[in-house]
Amino acid sequence: MGFLKVLLEEILLICKKNITFALDFAVLFYFMGAINEALKVISLAPPSLSKNWLQLEWLIESRRFVEAVEESNQLQQKYPSDPETQFACVYAKARALWGLQKFTSAIELMQSLV
């Protein structure tokens, strides 16, 4: 069994007992270059703006573009009165669409920001 798999199993057990550690452990995995493991751990973290943004950025970075578009849409609905969040969600969605090779849609979204 690989080191990351064993570490992930142990950390998931810890986080299920105390979810306040999940965000820190997710960042640990991210800095280890284990982004998929980071995404598994961050899903256990308590709701927060930090969790939302890390998860969205990591979805894009790990090339999970469809999930990133969905996450961006959810964040736009979750924080409708925050203009910075709206701007950042549109930008993230454009990046994800570009990754899906939907260049026209991505460019249109980027143009809507200016």
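For the structure itself, look to the data block above.
Figured I'd write up the structure that's included with this text.

Concerning the overall build of the chain
Secondary structure summary: the chain contains 7 helices and 0 strands in total. Listing the helices and strands of the chain from first to last along the sequence gives α-α-α-α-α-α-α. Projected onto its principal axes, the C-alpha coordinates of the chain cover approximately 45 × 30 × 20 Å. Partitioning the intrachain contacts of the chain with sequence separation of at least 6 by distance along the chain shows that 41% fall at a separation of at least 24. Split by element, the accessible area of the chain, about 7000 Å² in all, is 59% carbon and sulfur.

What about the packing of aromatic side chains?
To describe a pair of aromatic rings, one takes the distance between the centres and the angle between the planes. Per the stated rule, a full pass over the model turns up 4 aromatic pairs. Each member of the aromatic cluster is reached from another via a ring pair, and the members are Tyr30, Phe31 and Trp58.

Some details on a nonpolar patch on the surface
Taken together, Phe3, Leu28 and Met32 make up a surface patch of nonpolar side chains, about 300 Å² in accessible area. Within the secondary structure, leucine 28 sits in helix 2 (residues 22–31). A relative accessible area of 36% means that leucine 28 is categorised as partly exposed.

Here we look at the packing of helix 1 (residues 3–17) against helix 3 (residues 35–42)
As a packed pair, helix 1 and helix 3 sit with axes 10 Å apart at the nearest point and diverge in direction by 15 degrees. For the element pair helix 1 / helix 3, the angle class is roughly parallel. Our pair here, helix 1 against helix 3, has a crossing hand that is right-handed. On helix 3, the residues touching Leu4, Leu8, Ile11, Leu12 and Cys15 of helix 1 are Glu37, Lys40 and Val41. A class-by-class count of the residues in the contact of helix 1 with helix 3 yields 6 nonpolar, no polar and 2 charged.

Comments concerning the environment of alanine 96
By the element assignment, alanine 96 lies in helix 6 (residues 83–99). A relative accessible area of 0% places alanine 96 in the buried class. Alanine 96 sits 13 residues away from leucine 109 along the chain, and the two C-alpha atoms are 11 Å apart. Excluding anything up to four places from it in sequence, alanine 96 contacts Phe65, Ala68 and Val69.

What counts and how
Residues numbered from 1 in each chain as written. Predicted model: local features only at pLDDT ≥ 70, side-chain atom pairs only at ≥ 80, totals over all residues. Heavy atoms only, no water. Helix = DSSP H or I, 4+ residues; strand = E, 2+ residues; numbered from the N terminus. Contact = heavy atoms within 4.5 Å. Areas by Shrake-Rupley, 256 points an atom, 1.4 Å probe, with all protein chains shown as cover. Phe/Tyr/Trp six-rings, centres within 6.5 Å; stacked < 30°, edge-to-face > 60°. Patch = residues over 30% accessible without salt bridge, like charges linked within 9 Å, V, L, I, M, F, W, Y side chains within 5 Å. Salt bridge = Lys/Arg side-chain N within 4 Å of Asp/Glu carboxyl O. Buried < 20%, exposed > 50% of the residue type's maximum accessible area, 1.4 Å probe, protein only. Axes fitted to C-alpha atoms, helices over the stretch in contact; angles between N-to-C directions. Parallel < 35°, antiparallel > 145°, perpendicular 65-115°, else oblique. Left-handed = near helix turned anticlockwise from the far one by under 90°. Nonpolar A, V, L, I, M, F, W, Y, C, P; charged D, E, K, R; others polar.

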